[in-house]
Amino acid sequence: LLRSGGDDLLAWANEVLRKAHSAADERGRPPLAPAASSSTAGATANAAGASSAPSRPLSGTFRNRSEGARPPASPRVSPRAAELRRRRAEELTDEMRRLNREADAECERLAAEEHARRLRFEAERDAWRGRVNHAAEELRSNVASNPFAQPSAA
């Protein structure tokens, strides 16, 4: 799970972030700004159980405050800062992959140790069983050859 799932999850998260940023750039607003479209507001109202009246923006959206008002645009990030952020994200991704590899190796090592411990335990148990069986067989043999150990028929 850790081996394949981590990389897939990272790839999926990067894809979602990339799509969010490109969609935000097309609309001209920050990626996490509140949605001011009437279709989103209507879908929210319909999901809450409202009637099927024509959808309109909720009263708290930016367009209802004043005609044509928009939320303040996020400050543009310099290409250098974006590159630094991208590099840092790659470093963290590499770090996460390294940690996952180390965790996998540790799990495999612990599993191998446990397997070896079980094999040793089974070998010791079998050796002990063999010694006890040998002693019991020897005792039976000695008792069978001892004339005094025979029940007397009096």
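Throughout, a residue's number is its position along its own chain's written sequence, starting from 1. Totals for whole chains, interfaces and linings use every residue, but because this is a predicted model, local features are given only for residues with pLDDT of at least 70 and side-chain atom pairs only at 80 or more, for both listing and counting. The basis for every side-chain value is the complete set of non-hydrogen atoms in the structure, without hydrogens or water.

Here a strand is any run of E in DSSP of at least two residues, a helix any run of H or I of at least four, and the numbering for each starts at the N terminus. When helices and strands are tallied, the chain shows four helices and zero strands. Traced from its N-terminal end to its C-terminal end, the chain shows the element sequence α-α-α-α. Classification of the 154 residues of the chain by burial places 9% in the buried group. The criterion used for residue contact is that any of the two residues' heavy atoms lie within 4.5 Å. Once local pairs closer than 6 in sequence are excluded, the contacts in the chain between residues at least 24 apart make up 45%. Only protein chains enter the area calculation, which uses a 1.4 Å probe; residues under 20% of their type maximum are buried, those over 50% are exposed, and those in between are partly exposed.

Side chains bearing opposite charge may pair, as long as their charged atoms lie close to each other. In the sections that follow, a salt bridge refers to a side-chain nitrogen of Lys or Arg positioned within 4 Å of a carboxyl oxygen of Asp or Glu. Within this structure, the stated rule accounts for 14 salt bridges. For the salt bridge of E83 with R87, the shortest nitrogen-to-oxygen distance reads 3.4 Å. Pair noted here: E83 and R87 are both in helix α4 (residues 79-145), with a separation of four residues, about one helical turn. Of the residues examined, E83 reaches a relative accessible area of 28% and is grouped as partly exposed. According to the relative accessible area criterion, R87 is partly exposed, its value standing at 39%. The closest approach of N and O atoms between R140 and E137, which form a salt bridge, is 3.0 Å. You can see R140 and its partner E137 sitting in helix α4, three residues apart, about one turn around the helix. By relative accessible area, E137 is classed as partly exposed at 46%.

The span expected for a helix works out to 1.5 Å for each residue beyond the first. For α4, which comprises 67 residues, the first-to-last C-alpha distance of 98 Å matches the rise-based estimate of 99 Å (1.5 Å per residue) to within 8%. Every buried residue of α4 is listed here: T93, N100 and D104.

This part takes up a nonpolar patch on the surface. Any residue with relative accessible area above 30% and no salt bridge may belong to a patch, with like charges joined within 9 Å and the nonpolar Val, Leu, Ile, Met, Phe, Trp and Tyr side chains within 5 Å. The method behind every accessible area is Shrake-Rupley, applied with a 1.4 Å probe, and residues are considered shielded solely by the protein chains displayed. Taken together, the side chains of L9, W12 and V16 define a hydrophobic patch exposed on the protein surface, amounting to about 330 Å² of accessible area. Here V16 is to be found in helix α1 (residues 2-27).

To continue, consider the confidence of the model for the chain. Confidence of the predictor at the level of single residues is captured by pLDDT, which takes values from 0 to 100. Overall, the prediction assigns the chain a mean pLDDT of 75, with 62% of residues at 70 or greater. Between residues 33-66, whose pLDDT stays under 50, and residues either more than four places distant or in other chains, the model counts 23 contacts.

The topology assignment puts T93 in helix α4. What qualifies as a polar contact is a pair of N or O atoms within 3.5 Å, subject to a donor-acceptor requirement within protein and to the restriction that residues adjacent in sequence count only when both atoms come from side chains. There is a polar contact of 2.8 Å between the side chain of T93 and the backbone oxygen of A89.

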